[in-house]
Amino acid sequence: MVRRYWRRGRPECAGHEWLAAAAPEKIMQITVLVALTLLVLTAFGFLTGRRRALAVRARSGPRLHSLPNYYGYYIALWTGGPALVLLAVYGAFGSGLVNTLAMSQLEREAAPLIAEFERQLDSDSDFIALLEEAAEAETDALEAREAITRARDAGLDPQAFQAALAGHTTRLTEIGARLGQRRADIARTVAARAPSSDAGIRARSGFEFWNSPRERRELFLADARAIAFGEGLASRNTPELRAAALAMRPVEDIFRYSVAALALSMAVGGLAWGRSRIKASFRARNRVETAITGLLMFASVIAILTTLGIVFSLLFESLRFFASIGWRVGDFLFGLQWSPQIAIRADQIGQSGAFGAVPLFAGTALITAIAMTVAVPVGLFSAIYMSEYAGPRVRAVAKPILEVLAGVPTVVYGFFALLTVGPFLRDFALFLGYEDAVTQSALSAGLVMGVMIIPFVSSLSDDVINAVPQSLRDGAYAMGATKSEAIRHVVLPAALPGIVGAVLLGVSRAIGETMIVVMAAGQGANLTANPLESVTTITVQIVTLLTGDQEFDSSKTLAAFALGLVLFVLTLMLNIIALRVVQRFRERYE
Amino acid sequence: MAYDTNPAPSTVYHPAPPGMQIKVAARDLSVTYGDALALDRVQIDIPDRSVTACIGPSGCGKSTFLRCINRMNDTIDTARVRGSIKIDGEEVNDRSIDPVLLRARVGMVFQKPNPFPKTIFENVAYGPRIHGLAANKDELAAIVETSLTKAGLWKEVADRLHQPGTSLSGGQQQRLVIARAIAVNPEVILMDEPCSALDPIATARIEELIDELRENYALIIVTHSMAQAARVSQMTAFFHLGALVEYGPTEEIFTNPRDQRTQDYITGRFG
Ligand SMILES: Nc1ncnc2c1ncn2[C@@H]1O[C@H](COP(=O)(O)OP(=O)(O)OP(=O)(O)O)[C@@H](O)[C@H]1O
Ligand SMILES: [Mg+2]
C-alpha cells in the first residue's frame, strides 16, 4: 500500500528513490526481534534464578527463605520488567518525540518563508482593515453585553440589546471567516515562491506545518507517518508530506535502534543484578508479592486515569461549546427549542433557542417513565414470584429464560420496536380514532425499552429479596401471617432499599439507552407529554450530531459533548444514589 | 421407609406430677426431610401452665419437634410430618385446621432475635393487626403496652416506641419478639434456644420472664444449657437421634436419669 503511494508521488520528489525501497517491514522486524529476545531472556532469568536457588538449597546451610520458583520470578521480573517499561514508554511517547524533532528541524528551515509571510500579513491592507473591523465588532458586542446586564439589574427587558448582541456576534463570525480566508491566500502566495528543489520542498513542508491550526497539524503528522512508516493509510500525498516523512525516517531510526539496544542491555543488566542478590536469606517471596501488588495497583490506576481522561475531555469540549454559544448555559439547560441543524449556518450561530435542550430532557424523561412503568411492576413481581413462590424446578427453567432477555442486543429490541410494536400501536391508535398516530412514537420505544430493563430490575430485586434473612419470614409465619402477608409486610419492607436501588439502576440504564430510541422514537424534538407523538432523547441527539460529515469544532458537534456531560452527570448521580441505598441495605443485614 | 420396619424407639417415662393437665399430646409423631428421618415416633404429653425443656445433642430433632406444634414444618418443602399431635385434644395436623390461625394460638420465639424492619410499636402490634384483635387504635395501644410490660420491656422502650425494632440491643430484641408473640394471646409459647445469642445478664432476665409467663401459658423451650433447663423447667424431654429417650419431671431427669444416654448427656460425657 505504502509503496504504491510512493510510486505515484515519485516524479515530484526527485533524488529520493532509496526511500521507496526502504521497507517499513525491516523496522518491524527489529521490534519483533527485540521483543522475542526479551522473552527468551526473561525465561532464561527465571530458570537461572530457580537453578541458583536450588543450588543454594543443596548446599547445607541456612534454610532457603522462599520456594525456588520465587527466586526465578524475582530474576525474571528484573530481566523483563525495566526493559518492558522502557518499551512501553517509547511506544507511548516515542512517535511524538520523533515528530517534534523532525518538524522543528523543518520549521527552522522554513524560517525565511515564515518571516516573509509575517511581513506580508503585517503590510496587507485588506487584512489590517479586517482586523480593525473585528476589534470594532468585539467592542460593540462587549457593550451590548454590559447593556444587557445593566438592563437586567434595572429590571428592564433586555430583548433589544440581546438582538443587537446577536447581530454583533454574527458579524464577528463573518469577519473571522474572511480573516481566515485572507490569511490562507497570503500563505499560498508565499509558499508558491519557494523553489521546487529538495530544500525548497522541505521549507514548504515546515511552513505548511507551522501555519496549520491544531487539528490540521495532527492530520499532517498522521499522514506523514503513514507515508514514512506505513502506519495506516495517508489521506493525502503531497510533496510537503513526503518531505516531512523523509525528515522523520532517520530520527525514528536512531530512536528505534538506541531504544532496542538500551532495552536489551537493561534486560541483561537486570538479570545479572537479580542473580547477584540470591542467597538463602533473600526474601524473594516478599519481593515478588510487592511486584504483584504494584502491577495490580497499576492496572487500577490506568482504569481510573482513563475514566478521568474521558470525564475531563467531556468537560473541556463542553466548555468549548458553552463558549461558542456565548456562555449562555441557561439557554442550553432551560431553552425550549432544539434545532441544531439551523445553527450550523454561520448567520445563526448564537441565535438563542437553537440549542435549548429541554425538549430532549423531556423526551428522555417521557420514554424513561414509560419504560419504568413496564419494567418495575413486571420485574418486581416476577422477582417476588421467582424467589418466594416458584419451586426449584420452575426457577431452574424460568430464571435463565428471563436472563436471556438481558442478553438480547439492544439493536434487536430496536427493530422489534420499529417493525412490530410501532406499527401495531399506530394502527391501534388509528382504530381508536386518534388521527395523528405515527410509527415512531415515545410509547413504542418506551414499551420495548421497558421489556429490555425487566431482567435488570428482576434479577437485582431477586438478589435483594433472597438476601432478606429467612428468620424474618419465619417470624412472620410464626405470627400467623399468610404468605403474601409475610411478603408484603415483612420481606418487601426489608428489601425496599435494595429494590429502590435496583429501580434507580434501571432508570440510569433507560436514560443512557440509545439504540432503541434511535430506531423507534423518531427524531423530532417535540416538547410533548403525548406518548403517541415522536420525541427525541439526549442520546439520540448525540448520535445525530456526531454522525455524518462534520467539522469537529462547530457548535453543533460540540453540543454533543455538552449533552454527553449532562447525561454523564445524570446517570452518575443516579448510580451514586442507587449504590448508597443498596449499601445501606447490605449493612443492615450483615 | 426404614423406620416403619424397625421397632419403635423405646422411651423411659418418669411418673407425671400429680394433677398434671395435658396441653400438647404427640402420638407416633415422625418427621422426615426428604429421605432423612429427623423425628421418630415420638409419644409425649406436655402439661399446661409449666415449662417443658427439650434437651439433646445437636441435630437430634428438638427444633423439628417444636416446629411440629405450630406447623412451621409446612414452610419447608421437603418436610413431611406423620402421626398425631393434639392441642387440647384437637388434632393439629388435621386438614380442617388453618395453620394461620393455629400459629396465633401457638407463639414462637427463635434462637436469633428477629424483629421485623418496623418500629417497636409496629413489631408488637403486628400480630393483633393481622388477626384483627383490636377494634381501634386505643385498644391496639393497650395491647402493645400490656405485652411489652409482660415481656419486661415496657420501661425501657416506653419513650421510644417509634424507633426501629432493630435499634434495640440483642437482649431487648429478644424480649421484643417475646412481647410480639404474647401480643396475640397464645396458649402455647415455643422457644427455640431463646438465650443462645445473649449474655448472662440478658439471659437471666429472659429466664425470669419465662418463669413469670408460666403462670398463664404452656411453654416449651429448647436449650443447650443443662443449668438453664434445671433452673426454668418443670418437665424435661431428652432427645437423641430423632427419638425421645427419656421424659419426666426435671428433678427426676437430672437427679435420677435411667437411660445411659441421658446420664451421659447431662453429665457432659457426650454432646
Ligand atoms: N430444612 C431442613 N432440611 C433438611 N434437613 C433438615 C432441615 N432442618 C433440619 N434438618 C435435619 O433434621 C435433623 C434434626 O434437625 P433439628 O434442627 O431438629 O436439630 P436440633 O436438635 O434442633 O439441633 P440444634 O441443637 O443444632 O439446633 C438434623 O439431622 C438436620 O440435619
Ligand atoms: Mg435447633
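These figures come from a predicted structure and were not determined experimentally. Each chain has its residues counted from 1, following the order in which its sequence is written. Chain letters and ligand numbers both follow the written order, the letters beginning at A and the numbers at 1. The predicted origin of the model limits local features to residues at a pLDDT of at least 70 and limits the giving and counting of side-chain atom pairs to 80 or more, whereas totals for whole chains, interfaces and linings rest on all residues. Excluding hydrogens and water, the side-chain values take into account all heavy atoms of the structure.

Colleague: For this particular structure, what's the right way to read the pairing of strand 5 (residues 79-87) of chain B?
Modeller: It is a general feature of regular strands that their side chains alternate between the two faces of the sheet. All names here are of chain B. Any two strands with at least two DSSP-identified bridges between them are counted as paired. Helical segments are the DSSP runs of H or I of at least four residues, strand segments are the runs of E of at least two, and each set is numbered from the N terminus. Where strand 2 (residues 22-33) lies against strand 5, eight bridges are found, and the strand directions are antiparallel. Counterpart to S30 in the pairing with strand 5 is R82. The sheet contact formed by strand 5 and strand 6 (residues 90-91) spans two bridges and is antiparallel. By the bridge assignment for strand 6, I87 is matched with E90. Remark: two residues form the turn of the hairpin made by strand 5 and strand 6, two consecutive strands paired antiparallel; D88 in that turn has positive phi of roughly 50°.

Colleague: Just checking my understanding: could you explain the domain arrangement of chain A for this structure?
Modeller: A common measure of how large an interface is: the accessible area buried when the components associate. Marked domain ranges trace back to an automatic or database domain assignment. Per the domain assignment, the segments making up chain A are domain 1 (26-108 + 248-299) and domain 2 (367-536 + 575-586). Here the C-alpha centre of domain 2 of chain A lies 52 Å away from the C-alpha centre of domain 1 of chain A.

Colleague: Explain the packing of helix 4 (residues 120-130) of chain B against helix 7 (residues 170-182) of chain B here, please?
Modeller: When two helices pack together, their arrangement is given by the angle between the helix axes and the distance between those axes. Residues and elements named next belong to chain B. Axes here mean lines fitted to C-alpha atoms, for a helix over just the part in contact, with angles spanning 0 to 180 degrees between N-to-C directions. The N-to-C vectors of helix 4 and helix 7 enclose an angle of 30°; their axes lie 7 Å apart at closest approach. Considering their axes alone, helix 4 and helix 7 lie roughly parallel with respect to each other. When the axes of helix 4 and helix 7 are compared, the crossing they make is right-handed. Mapping the contact onto sequence places I120, N123 and V124 in helix 4 and L176, A179 and R180 in helix 7. Taken together, the residues that form the contact of helix 4 with helix 7 break down as four nonpolar, one polar and one charged. Should an angle fall under 35 degrees it is called roughly parallel, over 145 degrees roughly antiparallel, and 65 to 115 degrees roughly perpendicular, with every other angle called oblique. In this scheme, a crossing is called left-handed if the near helix is turned counterclockwise away from the far one by less than a right angle; it is called right-handed if the turn is clockwise. By definition in these notes, contact holds between two residues if any of their heavy atoms fall within 4.5 Å. Following the grouping adopted for this structure description, the nonpolar residues are Ala, Val, Leu, Ile, Met, Phe, Trp, Tyr, Cys and Pro, the charged ones are Asp, Glu, Lys and Arg, and the polar ones are all others, Gly among them.

Colleague: What should I look at first to understand the site of ligand 1 in this one?
Modeller: Residues and elements named next belong to chain B. With respect to spatial proximity, 13 residues lie near ligand 1, and among them S58, G59, S63, T64 and H224 are the closest. With respect to ligand 1, the backbone of G59 contributes an N or O atom lying 2.7 Å from an oxygen atom. Within the complex, the protein chains bury 61% of what would otherwise be the 630 Å² of accessible surface of ligand 1. Ranked by residues supplied to the shell around ligand 1, first place goes to helix 2 (residues 62-69) with four residues. A per-class count over the shell around ligand 1 returns four nonpolar, six polar and three charged. One heavy atom within 4 Å of a molecule or strand is enough for the residue carrying it to be called near that molecule or strand. Think of a polar contact as two N or O atoms within 3.5 Å of one another; within protein, one of them needs to be a possible hydrogen donor and the other a possible acceptor, and neighboring residues in sequence only count if both atoms come from side chains. Per-residue and other accessible areas follow the Shrake-Rupley method at a 1.4 Å probe size, with only the shown protein chains counted as cover for residues.

Colleague: What is the right way to read the nonpolar core from this model?
Modeller: For soluble globular proteins, the rule of thumb is that nonpolar side chains tend to be buried together. Ranked by internal contacts, the top residues of the largest apolar core, which has 108 residues, are A:F332 and B:F65. Per element, the largest residue contribution to this core is 13 residues, and it comes from helix 19 (residues 483-512) of chain A. Beyond its immediate stretch of four places on either side in the chain, B:F65 contacts B:A26, B:L29, B:L39, B:V42, B:I44, B:I46, B:C54 and B:F239. The nonpolar core is taken to be a set of buried Ala, Val, Leu, Ile, Met, Phe, Trp, Tyr and Cys residues, with the residues joined through side-chain atoms within 4.5 Å. Here's how the labels work: a residue is buried when its accessible area is under 20% of the maximum for its type, exposed when over 50%, partly exposed in between, all with a 1.4 Å probe on protein chains only. If you look at the next biggest cluster of nonpolar residues, it comprises 35 residues, including B:V124, B:L140, B:L168 and B:L213.

Colleague: Would you take a moment to explain the interface of chain A and chain B for this structure?
Modeller: At the junction of the two partners, chain A supplies 19 residues and chain B supplies 20 residues. Interface area lost by chain A to chain B is led by A:A478, A:M479 and A:H489, which between them contribute 38%. Any carboxyl oxygen of Asp or Glu within 4 Å of a side-chain nitrogen of Lys or Arg constitutes a salt bridge here. Seen at the junction of chain A and chain B, the total is zero salt bridges. If you look at where chain A meets chain B, you find four residue pairs in polar contact (both at pLDDT 80 or more). Put simply, the parts of the chain that give the side of chain A that touches chain B at least two residues each are helix 18 (470-478), helix 19 and helix 22 (555-589) of chain A. Element by element, the count of residues in the side of chain A that touches chain B is highest for helix 18 of chain A, at seven residues. Within the side of chain A that touches chain B, the residues separate by chemical class into 11 nonpolar, five polar and three charged. The buried area of a pairing is the accessible area, by a 1.4 Å probe, that goes missing from both parts when the two are put together, added over both.

Colleague: Even after reading the chapter, I still don't get the environment of B:I182, so can you show me in this structure?
Modeller: Residue and element names in this part refer to chain B. With respect to the secondary-structure elements, I182 resides in helix 7. Judged by its relative accessible area of 4%, I182 is buried. Along the chain, I182 and P9 lie 173 residues apart, while their C-alpha atoms are 35 Å from each other. When sequence neighbours within four positions are dropped, the list of residues in contact with I182 reads S147, K150, A151, I189, L213 and Y217.

Colleague: Please explain helix 8 (residues 200-213) of chain B as it appears in this structure.
Modeller: Think of an α-helix as 3.6 residues a turn; residues three or four steps apart then line up on the same face. Residue and element names in this part refer to chain B. Between the first and last residue of a helix there are one fewer steps than residues, each counted as 1.5 Å, and that sum is the expected span. For helix 8, built from 14 residues, the straight-helix expectation of 20 Å at 1.5 Å per residue is met to within 8% by its first-to-last C-alpha distance of 20 Å. Residues of helix 8 that are buried include every one of A202, T203, I206, E207, L209, I210 and L213, and no others. Buried residues of helix 8 fall within an arc of 160° about the axis and therefore sit on the same side. Structural note: helix 8 exposes P200 and I201 on the side pointing more than 90 degrees away from its buried face. Packing partners of the buried residues in helix 8 comprise strand 4 (51-55), helix 5 (137-150), helix 7, strand 8 (188-192), strand 9 (218-222) and helix 9 (226-232). Its side-chain oxygen 2.9 Å from the backbone nitrogen of I201, D199 forms the N-cap of helix 8. In this context, the arc is that of the directions from the helix axis out to the C-beta atoms.

Colleague: I'm lost on the pairing of strand 8 of chain B in this one. Help?
Modeller: Residue and element names in this part refer to chain B. Judged by how many residues are buried, strand 8 sits mostly within the fold: five of five residues are covered. Side-chain alternation along strand 8 places V188, L190 and D192 on one buried face and I189 and M191 on a second face that is also buried. Of the pairings in the sheet, the one linking strand 8 to strand 9 comprises five bridges and is parallel in character. If you follow M191 over to strand 9, its bridge partner there is I221. With helix 8 bridging strand 8 and its parallel neighbour strand 9, the resulting β-α-β unit is right-handed. Orienting the strands away from the viewer, one traces the path from the first strand over the helix to the second; a clockwise path indicates a right-handed crossover.

Colleague: Would you mind going over the packing of aromatic side chains with me for this structure?
Modeller: The way to describe two aromatic rings as a pair is by their centre distance and the angle between their planes. Residues and elements named next belong to chain A. Aromatic pairs are defined between Phe, Tyr and Trp rings, using the six-membered ring for Trp, whenever the two ring centres lie within 6.5 Å; interplanar angles under 30 degrees are classed as stacked, those over 60 as edge-to-face, and all others as tilted. Inspection of every chain in the model, using the stated rule, returns 21 aromatic pairs over all chains. Geometrically, the ring pair formed by Y70 and Y73 is edge-to-face, given 6.0 Å between the ring centres and 80° between the ring planes. Taken together, the residues Y70 and Y73, both in helix 4 (residues 68-109) and three residues apart, mark about one turn of the helix. Ring geometry for F209 against F220: centres 5.5 Å apart, planes inclined by 50°, an arrangement best described as tilted. Taken as a pair, F209 in helix 8 (residues 198-210) and F220 in helix 9 (residues 214-229) lie far apart in primary sequence, 11 residues in all. In this structure, F209 and F220 share a single accessibility class: buried.

Colleague: Explain the confidence of the model for chain A here, please?
Modeller: Low pLDDT means the predicted atomic positions in that stretch should not be read closely. Residues and elements named next belong to chain A. The predictor's confidence in any single residue is recorded as pLDDT, a number from 0 to 100. Summarising the model, chain A shows a mean pLDDT of 84, and 91% of its residues fall at 70 or more. Mean pLDDT values for the elements of chain A range from 38 in helix 1 (residues 2-9) up to 93 in helix 14 (residues 358-389). Counting contacts from residues 1-23, a segment whose pLDDT is below 50, to residues more than four positions away or on other chains yields 28 contacts. Scored below 50 in pLDDT, residues 342-353 shows 18 contacts in the model against residues more than four places distant or in partner chains.

Colleague: So what exactly am I meant to see when it comes to the side chain of B:T203 here?
Modeller: Relative to the elements of secondary structure, B:T203 occurs in helix 8. Setting aside its immediate chain neighbours within four residues, B:T203 contacts B:C195, B:L198 and B:Q228.

Colleague: I keep staring at unusual backbone geometry and nothing clicks. Help me out?
Modeller: Most peptide bonds adopt trans geometry, and most residues besides glycine take a negative phi value. Residues and elements named next belong to chain B. Of note in the backbone geometry, R49 takes a positive phi value of approximately 45° without being a glycine. You can see R49 is positioned in the loop between strand 3 (36-47) and strand 4. For R49, a relative accessible area of 46% translates into the label partly exposed. Of note in the backbone geometry, N185 takes a positive phi value of approximately 55° without being a glycine.

Colleague: Looking at this structure, how should I read the sheet that holds strand 5 of chain B?
Modeller: The strands that make up a sheet are held in pairs by hydrogen bonds between backbone atoms, and each pair lies either parallel or antiparallel. Residues and elements named next belong to chain B. Here four strands make up an open sheet; going across it, the order is 3-2-5-6 and the pairing antiparallel. Two strands bound the open sheet, and with one partner strand each, they are strand 3 and strand 6. Both strand 2 and strand 3 contribute to a ladder of eight bridges, which runs antiparallel. If you follow T32 over to strand 3, its bridge partner there is L37. Sheet contacts for helix 2: strand 2, strand 3 and strand 5; angle to strand 2, the most-contacted strand, approximately 120°.

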